[in-house]
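Structure at a glance
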Protein chains: 2
Amino acid sequence: MSSSPPSRGRPRDPRSHEAIVGAVNELLAEVGYAATSIGAVAARAGVGKDTVYRRWRGKPELVFEAVFTTTDLAPTPDTGTLAGDLTALLQGLVDEFEAPAAAAALPGLLADFAADPVLRTRIRDHFLAPSKQRLAAVFERAAERGEIGSDTPVDLVLDTLAGAVFFHIGLVGESPDPQLAGRLAAVIAKGIEIR
Amino acid sequence: MSSSPPSRGRPRDPRSHEAIVGAVNELLAEVGYAATSIGAVAARAGVGKDTVYRRWRGKPELVFEAVFTTTDLAPTPDTGTLAGDLTALLQGLVDEFEAPAAAAALPGLLADFAADPVLRTRIRDHFLAPSKQRLAAVFERAAERGEIGSDTPVDLVLDTLAGAVFFHIGLVGESPDPQLAGRLAAVIAKGIEIR
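A quick note: this is a predicted structure, and the numbers were derived from the prediction, not measured. (Residues numbered from 1 in each chain as written. Chains lettered and ligands numbered in written order. Predicted model: local features only at pLDDT ≥ 70, side-chain atom pairs only at ≥ 80, totals over all residues. Heavy atoms only, no water.)

What follows is about the overall build of chain A. A tally of regular secondary structure across chain A gives ten helices and zero strands. Across chain A, helices and strands are ordered from the amino to the carboxyl terminus as α-α-α-α-α-α-α-α-α-α. If one aligns the C-alpha atoms of chain A with their principal axes, the spans along those axes are about 60 × 40 × 30 Å. Relative to its full complement of 195 residues, chain A shows a buried share of 49%. For chain A, the share of sequence-separated contacts (at least 6 apart) that also reach a separation of at least 24 residues comes to 72%. When the accessible surface of chain A is split by element, carbon and sulfur atoms take 56% of a total near 9,000 Å². When the 20 positive and 25 negative side-chain charges of chain A are each reduced to one mean point, those points stand 7 Å apart. (Helix = DSSP H or I, 4+ residues; strand = E, 2+ residues; numbered from the N terminus. Buried < 20%, exposed > 50% of the residue type's maximum accessible area, 1.4 Å probe, protein only. Contact = heavy atoms within 4.5 Å. Areas by Shrake-Rupley, 256 points an atom, 1.4 Å probe, with all protein chains shown as cover. Lys, Arg positive; Asp, Glu negative; His and termini not counted. Charge placed at Lys NZ, Arg CZ, Asp CG, Glu CD.)

The structure is reproduced here in structure tokens:
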């Protein structure tokens with residue numbers, strides 16, 4: 001399929017975006033991470049490779065966004081309490097990690113991160129940025145309610161929440177404890193609350 | 001080097017054990033995980049391959065023990081407070097993850113775990129068992145002091161601590177925050193304390 005020349009002003013086609021993201025998730029489940037190349041994704045999505053490269057710098061960025069940012073698209077939780085908001089955020093993370101595409105993507109992504117120091121430097125600012133923004137918004141509301149101090153360390157808590165979910169589901173791969181999000185949220189909320 | 005026939009009654013030679021563990025750590029730093037085969041380890045350690053297989057079921061078990069159980073050999077911390085004990089446990093984890101061999105081993109280990117469901121079922125009972133015992137001992141003393149309830153969830157907290165350290169150091173690979181162990185311990189201790 002021929003591609004149009006890149007243009008900053010031209011709006012992105014949301015259908016292409018959806019087709020590409022869908023193709024990534026399908027291929028991951030069908031053939032695994034290694035075989036889910038940019039070329040295979042483009043072919044499955046019915047777009048040119050440069051259409052993919054226009055939006056994503058490379059395979060790790062594409063796969064990460066397709067698999068691990070679905071929760072970031074949902075509205076930031078606002079349940080009225082810190083524990084409630086953290087539970088909702090965590091449940092979103094749990095759902096992401098339990099998706100079949102995640103199991104296929106995780107080891108390959110980790111290997112790519114490990115092998116590429118430049119990619120690693122972008123983890124905080126690019127890959128984790130949407131999650132950090134959501135958690136920061138939750139903390140802002142919790143601080144306004146007086147539940148936590150305004151200096152509560154967002155990065156530390158984000159690492160802890162994501163790390164705990166990764167460890168429990170992504171690594172150990174145990175059958176999902178339906179209470180995991182709530183139990184972990186309760187411990188972390190109590191750990192950072194000031195009242 | 002010829003090897004003696006396996007015998008349950010014969011005591012393990014600690015020098016062989018040390019030589020093998022040392023060989024694993026050297027090779028990981030020198031040639032990476034993939035090239036650190038059982039054969040290469042045996043040759044470097046000056047033992048037969050079956051000497052290695054007598055002690056470890058396979059490469060993941062060997063590498064994990066050589067790299068990620070150094071802290072389990074230290075005495076279980078007993079500082080007098082839960083936060084102090086958790087800080088010491090976490091600092092041990094941080095030191096393990098910051099070792100050069102860990103950076104080399106982690107992606108390969110994760111890939112091997114992901115590819116082998118049988119290996120995954122052994123994570124809780126075999127790989128994480130020493131760490132869990134140490135944390136359980138810390139919780140027992142904390143419960144005796146009335147700091148926490150006797151039903152505090154060990155697996156959940158272990159996953160959270162290990163996951164947080166893995167995420168912060170093993171994944172994002174940021175320059176070590178010397179306060180990480182203490183800050184994380186403070187949050188978790190406060191999260192599970194009952195007084």
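Residues and elements named next belong to chain B. One pass over the structure, following the stated rule, counts 20 salt bridges over all chains. A salt bridge links Arg44 to Glu26; its shortest N-O distance comes to 2.6 Å. Pair noted here: Arg44 is in helix α2 (residues 38-45) and Glu26 is in helix α1 (residues 14-31), with a separation of 18 residues, a long-range link. Owing to a relative accessible area of 39%, Glu26 belongs among the partly exposed residues under this scheme. With a shortest N-O distance of 4.0 Å, Asp85 and Arg145 are connected by a salt bridge. (Salt bridge = Lys/Arg side-chain N within 4 Å of Asp/Glu carboxyl O.)

Before going further, it helps to spend a moment on the side chain of Arg122 of chain A. Its place among the elements puts Arg122 of chain A in helix α7 (residues 117-127). Once residues lying within four places of it in the same chain are set aside, the contact partners of Arg122 of chain A are Arg57, Glu61 and Phe127 of chain A.

As recorded in UniProt, the sites labelled "DNA-binding region" (unreviewed entry) are residues 37-56 of chain A. Counted over residues 37-56 of chain A, helix gives 75% and strand 0%. Its end C-alpha atoms are 13 Å apart. (UniProt positions renumbered as here; feature names shortened; annotations may be inferred.)

Residue and element names in this part refer to chain A. Its 16 residues give helix α8 (residues 129-144) an end-to-end C-alpha distance of 22 Å, which sits within 8% of 22 Å, the value for a rise of 1.5 Å per residue. The set of residues buried in α8 consists of Ala129, Arg134, Leu135, Val138, Phe139 and Ala142. Elements in contact with the buried residues of α8: α5 (82-98), α7, α9 (154-171) and α10 (180-192). Gly146 sits one or two positions beyond α8 and adopts a positive phi of about 80°. (Expected span 1.5 Å × (residues − 1).)

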